[in-house]
Amino acid sequence: LMKESLKPGVSASKSFEIDKDRTIDFMGEDLRVYATPMLLRDIEHTCRDLIVEHCDEGEDSVGTHVNLTHSGATPLGMTVEISVTIAEVKGRHVTLEFKATDDAEEVASGKHSRFVVDMAKTKERLTAKVAKVGKS
């Protein structure tokens, strides 16, 4: 069950270039900025990557809760650095704090909770759930 190295204070950061696929398009080409769902995806990936470094073989993590404040707009072409820090570990529940900063300012902050899963057991549960409702 996870390595002892998974503990509060452990941190990581990743940089993301804000390309067209990461931006909104509904305000027109001149107002393309980092879309909140894409920001969240990048935060989740950064958190997951950090946790996986401290998992045993056959383990991974899934997101369970997000508290995200997206406080600044990041234009197309800028770079955003997402920094994540483990705040709490309770059994398989891991809470991380994060912040995102673009080339000019902090643009997001919050907390993200993830649950470390045994992939084989998760597959069994999902297979049983699908069988229960008769869909494949």
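For the structure, see preceding data.
Because the structure is a prediction, the values reported are computed rather than measured.

## Notes on the overall build of the protein chain
Within the protein chain one finds 2 helices and 5 strands. Mapped from its N terminus to its C terminus, the protein chain presents α and β elements in the order β-α-β-β-β-β-α. On the principal axes, the C-alpha backbone points of the protein chain span a range of 50 × 40 × 20 Å. For the protein chain, the share of sequence-separated contacts (at least 6 apart) that also reach a separation of at least 24 residues comes to 67%. When the accessible surface of the protein chain is split by element, carbon and sulfur atoms take 52% of a total near 8,200 Å². A gap of 9 Å separates the mean positions of the 19 positive and 24 negative side-chain charges of the protein chain.

## Observations concerning helix H2 (residues 119-133)
In a regular helix each residue adds 1.5 Å, so 15 residues correspond to 21 Å; H2 covers 21 Å between its end C-alpha atoms and thus fits that length. Across the 15 residues that make up H2, only a small minority, 0, are buried. N-cap assignment for H2: the residue whose side-chain oxygen lies 3.0 Å from the backbone N of Ala 120 is Asp 118. Phi turns positive, to about 70 degrees, at Gly 134, one or two residues after H2.

## Focus: a nonpolar patch on the surface
On the surface, a nonpolar cluster with roughly 350 Å² of combined accessible area is contributed by Phe 26, Met 27 and Leu 31. In this fold, Met 27 is placed in the loop between strand E1 (11-17) and helix H1 (36-52).

Quick notes on the rules
- Residue positions within a chain follow its written sequence, with the count starting from 1.
- Under the rules for a predicted model, residues below a pLDDT of 70 receive no local features and side-chain atom pairs below 80 are neither given nor counted, while totals for whole chains, interfaces and linings still include all residues.
- Only hydrogens and water are set aside when side-chain values are computed; all heavy atoms of the structure are taken into account.
- In DSSP terms, a helix is any run of H or I states spanning at least four residues, a strand is any run of E spanning at least two, and both are numbered starting from the N terminus.
- In what follows, residue pairs with any heavy atoms lying within 4.5 Å of each other are defined as contacts.
- Per-residue and other accessible areas were derived by the Shrake-Rupley procedure at a 1.4 Å probe size, with only the shown protein chains allowed to occlude residues.
- His is not counted here, nor are the chain ends, while Lys and Arg score as positive and Asp and Glu score as negative.
- Here the site of a charge means NZ on Lys, CZ on Arg, CG on Asp, or CD on Glu.
- To estimate the expected span of a helix, count its residues, drop one, and scale the result by 1.5 Å.
- Each residue's exposure class comes from its accessible area (1.4 Å probe, protein chains only) as a fraction of the maximum for that residue type: buried when under 20%, exposed when over 50%, partly exposed otherwise.
- Each polar contact in these results corresponds to two N or O atoms within 3.5 Å; when the atoms are within protein, one needs to be able to donate a hydrogen and the other to accept it, and residues that are neighboring in sequence are counted only if both atoms are side-chain atoms.
- Patch definition: residues with relative accessible area over 30% and no salt bridge; like charges joined within 9 Å; nonpolar side chains (Val, Leu, Ile, Met, Phe, Trp, Tyr) joined within 5 Å.
- Within this document, salt bridges are pairs made up of a side-chain nitrogen of Lys or Arg and a carboxyl oxygen of Asp or Glu, the two lying within 4 Å of each other.

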